[in-house]
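Structural overview
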Amino acid sequence: MRIATWNVNSIRSRIDRVEAWVQRADVDVLAIQETKCREDQFPHDRFAALGYEVAHHGLNQWNGVAIASRVGLEDVSRGFPDLPQWGEPAVEEARAIGATCAGIRLWSLYVPNGRHITDPHMQYKLAWLDTLRVQTQAWAETGSPFALMGDWNIAPQDEDVWSMEYYLDKSHVSPPERAAFQAVLDAGVTDVVRPHTEPGDFTYWDYQRLAFPKRRGMRIDFILASEPLAERVQGAVIDREERKGQGASDHAPVVIEVADA
DNA sequence: ATGGTTGCCAAGCAA
């Protein structure tokens, strides 16, 4: 079984490429981030035509997460307990959706962008991650297979950015963010993609300044699996090809191959 | 050279 995560940067503007990619990559489950639309705007019919069920959580033109599956989709959860609120008025944003597919509990997550080390968004981001840490610990204690998939807006290691000098005073690499990411790992999950990749294998490249052809990217999209699932992962790939050409998302899809239970 | 890109939706914000 092939499971993937992809920040598509608007499902409506990307639907043609998403449709082509899920067929080319032959994925059974796709966790999507940044759908950027309400539920009534989501192109459900396009996924249904390909044989995928979809659970979507989208409240407005921002954020938005979904899970598409052709191996079953059960027990959908939109958000999880104690997530911090944001905005005026403060609301819980559409940044997490969970579903059970082929016996595996999968989460599509869009971690808040801290924007800058000193920005209020950074405290929101860290609080959000701490809530995720608490939940991860609880999920791990059940001993069931699960994965946290999505855009973390964190580059946990120096090799995960094209230049540490460039990012030194910026978000995504700060010690508090990296500590928050590590705390989630310590709660009971592991990065199952890294063992199958090399330094310089990024998942995101800015649209600006020719970042992609200059290979100036970051590795900020991850699949973190609990032990019962991690031991079934047979391979992984970041599909850099999908970042090429007109109409590409600024993120590449990340795929894992999982053995049957 | 203080630039450039994309998507929301139609001015400015978000990434």
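Definitions and limits used
- Residues numbered from 1 in each chain as written.
- Chains lettered and ligands numbered in written order.
- Predicted model: local features only at pLDDT ≥ 70, side-chain atom pairs only at ≥ 80, totals over all residues.
- Heavy atoms only, no water.
- Near = heavy atom within 4 Å.
- Polar contact = N/O pair within 3.5 Å; in protein donor to acceptor, adjacent residues only side chain to side chain.
- Nonpolar A, V, L, I, M, F, W, Y, C, P; charged D, E, K, R; others polar.
- Phe/Tyr/Trp six-rings, centres within 6.5 Å; stacked < 30°, edge-to-face > 60°.
- Lys NZ or Arg CZ within 6 Å of the ring centre and 35° of its normal.
- Helix = DSSP H or I, 4+ residues; strand = E, 2+ residues; numbered from the N terminus.
- Buried < 20%, exposed > 50% of the residue type's maximum accessible area, 1.4 Å probe, protein only.
- Lys, Arg positive; Asp, Glu negative; His and termini not counted.
- Salt bridge = Lys/Arg side-chain N within 4 Å of Asp/Glu carboxyl O.
- Contact = heavy atoms within 4.5 Å.
- UniProt positions renumbered as here; feature names shortened; annotations may be inferred.
- 1 Å grid on protein atoms, 1.4 Å probe; cavity = no way out; pocket = protein on both sides within 12 Å on 5 of 7 lines; lining within 4 Å.
- Points joined across faces, edges and corners; volume = space filled by probe spheres on them.

In the vicinity of DNA strand B lie 14 residues, with Ser10, Gln61, Arg115, Tyr207 and Arg209 positioned nearest. The share of sugar and phosphate among atoms of DNA strand B within 4 Å of the protein is 62%. In the model, a phosphate oxygen of DNA strand B is placed 2.5 Å from a nitrogen or oxygen of the Ser10 side chain. Arg209 places a side-chain nitrogen or oxygen 3.2 Å from a base nitrogen of DNA strand B. Looking at the surface near DNA strand B residue by residue, the classes come out as three nonpolar, six polar and five charged.

This part is about the packing of aromatic side chains. The full count for this structure, using the stated rule, is 13 aromatic pairs. Within the aromatic cluster, the residues linked to one another by ring pairs are Phe80, Trp107, Trp128, Trp139 and Phe146. For Lys170, the ring lying beneath its charged end belongs to Tyr166, and the centroid distance is 4.3 Å.

Locating Arg232 in the fold gives a position in the loop between α6 (227-230) and β13 (233-238). The buried charged residue Arg232 lacks any salt bridge, with Asp260 as its nearest oppositely charged partner at 5.6 Å. Setting aside anything within four residues of it in sequence, one finds Arg232 in contact with Ile104, Pro145, Glu257, Val258, Ala259, Asp260 and Ala261.

Now for the environment of Thr136. Mapped onto the fold, Thr136 is located in helix α3 (residues 120-141). Classification of Thr136 by relative accessible area gives buried; the value is 0%. For the pair Thr136 and Val161, spaced 25 residues apart in sequence, the C-alpha separation works out to 26 Å. Among the polar contacts made by the side chain of Thr136, one reaches the main-chain carbonyl oxygen of Leu132 at a distance of 2.7 Å.

This part covers the UniProt feature "active site" (unreviewed entry) in chain A. With numbering aligned to this structure, UniProt lists the feature "active site" (unreviewed entry) at Tyr110, Asp151 and His251. On the basis of their most widely separated C-alpha atoms, the annotated residues across 142 residues gather in one place, lying no more than 12.6 Å apart. In this structure, the largest pocket is lined, among the annotated residues mentioned, by Tyr110, Asp151 and His251. Mapped onto the elements of the fold, Asp151 is located in strand β8 (residues 146-151).

Right, let's get into the UniProt feature "binding site: Mg(2+)" (unreviewed entry) in chain A. The UniProt entry lists Asn7, Glu34, Asp151, Asn153, Asp250 and His251 under the feature "binding site: Mg(2+)" (unreviewed entry), expressed in the numbering used here. Across 245 residues, the annotated set stays spatially compact, with a maximum C-alpha separation of 12.9 Å. Those annotated residues from the list above that line the largest pocket are Glu34, Asp151, Asn153, Asp250 and His251. Tracing the backbone shows Glu34 in the loop between β2 (29-33) and α2 (44-49). Given a relative accessible area of 13%, Glu34 falls into the buried group.

The next subject is the pattern of salt bridges. A complete count under the given rule lists 18 salt bridges for this structure. With its nearest N and O atoms 2.8 Å apart, the salt bridge here joins Asp158 to Arg178. Of this pair, Asp158 sits in the loop between β8 and α4 (164-167) while Arg178 is found in helix α5 (residues 175-186), placing the two residues 20 residues apart along the sequence. Three or more residues joined by partner-sharing salt bridges are found here, namely Glu159, Asp160, Asp191 and Arg194.

In this approach, a probe sized like a water molecule rolls over the atoms, and the result shows the empty space that is left. In this structure, the largest pocket spans a volume of roughly 990 Å³. Taken together, 38 residues make up the lining of the largest pocket; nearest its centre are Tyr110, Asn113, Asn153, His172 and Tyr204. Elements with a contribution of two residues or more to the lining of the largest pocket: α3 and α4. Here the residues of the lining of the largest pocket are counted per class, giving 16 nonpolar, ten polar and twelve charged.

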